[in-house]
Structures are given as C-alpha cells and as structure tokens.
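Structural features, examined
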Amino acid sequence: SLSQYADVLGGKRLPSGHSYADNPTGYRYLRVTDFYERVVDYAALEHLPPETFRALEKWEIHEGDVFLSIAGSIGFAGAFRPPTDHRTVLTENAARIIPTSQFVPEFLALYMNGERVQSQIAAQKGTGGGVPKLALFRIRNLEVACPPLEEQKRIAGVMSAQGTHIRAEEATLEWVAVVSDVTR
C-alpha cells in the first residue's frame, strides 16, 4: 500500500475572512485548477497575504511532495517542483503525498496517473454534498509498485523527455495553424 512508502496529508481552504493578495508576497496557494492538466503554471498561482500564510502554514506543500486532486476533479497527480523559493499552501481539495527515499517523486506522480492507480481511485471515490471525493485513508491504501530507484529515474527521465518533445510539437502545430490562417 502507498502508506508503506509515503505519508498522506490533506490541504486546507482559505479561512473565513481571508482572501488572496493583490500583489506578489512570496506566499502562494495551489488549487486543483492550477494542476488540472497535471502540470503547474507556478507563475499563475494566487498569492497569499503573510497573515493568511501563517494561519495555513501547517498545510504547506514542499519541494518533492506529490499532489493529488481529491474532490471534484479526482486523480490528477504531479510532483511539486517550484522554480522559486516561494512558500505554498495546498488546497483542501488535494492531498499531499510525502514519499520516502524509496520513491522518485516524478515517477510516483506518473504511476499515480497511470491506469493501475486510476482504476483503484475510480473504484474508491465517494460523494459528499454531490461532489466526488476521495478520502485520505483510501489514498493511503492504494496499491503501488515500487521498482528500484534507478529504474524509476530512467522511466521519469524518458517520460520527461517525451513530454518536452510533445509540447514542442504542439507549439509547432499551433504556429503552423496561425501562419496558415494569416496567409489565407
């Protein structure tokens, strides 16, 4: 089970009376909408006022943690690799998975997004208030494979390279479409 290889913790909603900051503060808030495509646009994260961050600091997500959406849109996972030292709080609609040294975070996120875990998630989700939800204890009980670290690193490296290649091809296709529209 995942609990043999990781701690699973929840996130937190903004407290009543708190809101996002209008200007950059060095504190961010990671919502499910920010990683719906399993990739985070870190520059687009909402900023938090320092007093809001202090109230939510217990739910901070750290470099190398894995996030997993658990309410509404369920099952989107990714490795948290912020490009800055901004501190970030995780939404209540996501779980923070803190892998042991037996897992490469990028591999674990790929594995969590794979069919084996996604089928378990689909079978385990419930509803609360009409919204699909996945309880933290169910995440802890997900069955995962833990290949040797070197194999995890190779797989994560290959998938990262493929992702980079795919994004480059998509950008080229978008450019070709724009040029075609302009020349018509």
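See the structure shown above.
To start, this report covers the structure provided alongside it.

So, how was this worked out
- Residues numbered from 1 in each chain as written.
- Predicted model: local features only at pLDDT ≥ 70, side-chain atom pairs only at ≥ 80, totals over all residues.
- Heavy atoms only, no water.
- Axes fitted to C-alpha atoms, helices over the stretch in contact; angles between N-to-C directions.
- Helix = DSSP H or I, 4+ residues; strand = E, 2+ residues; numbered from the N terminus.
- Parallel < 35°, antiparallel > 145°, perpendicular 65-115°, else oblique.
- Contact = heavy atoms within 4.5 Å.
- Nonpolar A, V, L, I, M, F, W, Y, C, P; charged D, E, K, R; others polar.
- Phe/Tyr/Trp six-rings, centres within 6.5 Å; stacked < 30°, edge-to-face > 60°.
- Lys NZ or Arg CZ within 6 Å of the ring centre and 35° of its normal.
- Pairing = 2+ DSSP bridges.
- Polar contact = N/O pair within 3.5 Å; in protein donor to acceptor, adjacent residues only side chain to side chain.

Turning next to the packing of helix α2 (residues 105-113) against helix α5 (residues 149-183). In contact at an axis separation of 8 Å, α2 and α5 are set at 70 degrees when each is read in the N-to-C sense. With respect to their mutual orientation, α2 and α5 come out roughly perpendicular. Residue-level inspection shows Glu-106, Phe-107 and Leu-110 of α2 in contact with α5, the latter providing Gln-152, Ile-155, Ala-156 and Met-159. Per-class residue counts for the contact of α2 with α5 are 5 nonpolar, 1 polar and 1 charged.

Enumeration over the complete set of coordinates arrives at 7 aromatic pairs. Over the face of the ring belonging to Trp-59 we find Lys-12, whose NZ or CZ atom lies 5.3 Å from the ring centre.

Of the strand pairs in this sheet, strand β2 (residues 27-30) and strand β7 (residues 87-90) are connected by 4 bridges, and their pairing is parallel. Residue pairing across strands places Leu-30 opposite Leu-90, the latter belonging to β7. Examined bridge by bridge, strand β4 (residues 60-61) and β7 share 2 bridges and lie antiparallel to one another. Across the sheet, the residue bridging to Ile-61 is Thr-88, located in β7.

Glancing now at the environment of Arg-87. By the element assignment, Arg-87 lies in strand β7. When the C-alpha positions of Arg-87 and Arg-28 are compared, they lie 6.1 Å apart, and in sequence the two are 59 residues distant. Not counting the four nearest positions on each side in its chain, Arg-87 is found in contact with Gly-26, Tyr-27, Arg-28, Phe-53, Glu-57 and Glu-60. Polar contacts involving the side chain of Arg-87 include one to the side chain of Glu-60, which spans 2.8 Å.

The values reported here are purely geometric and, on their own, carry no functional implication.
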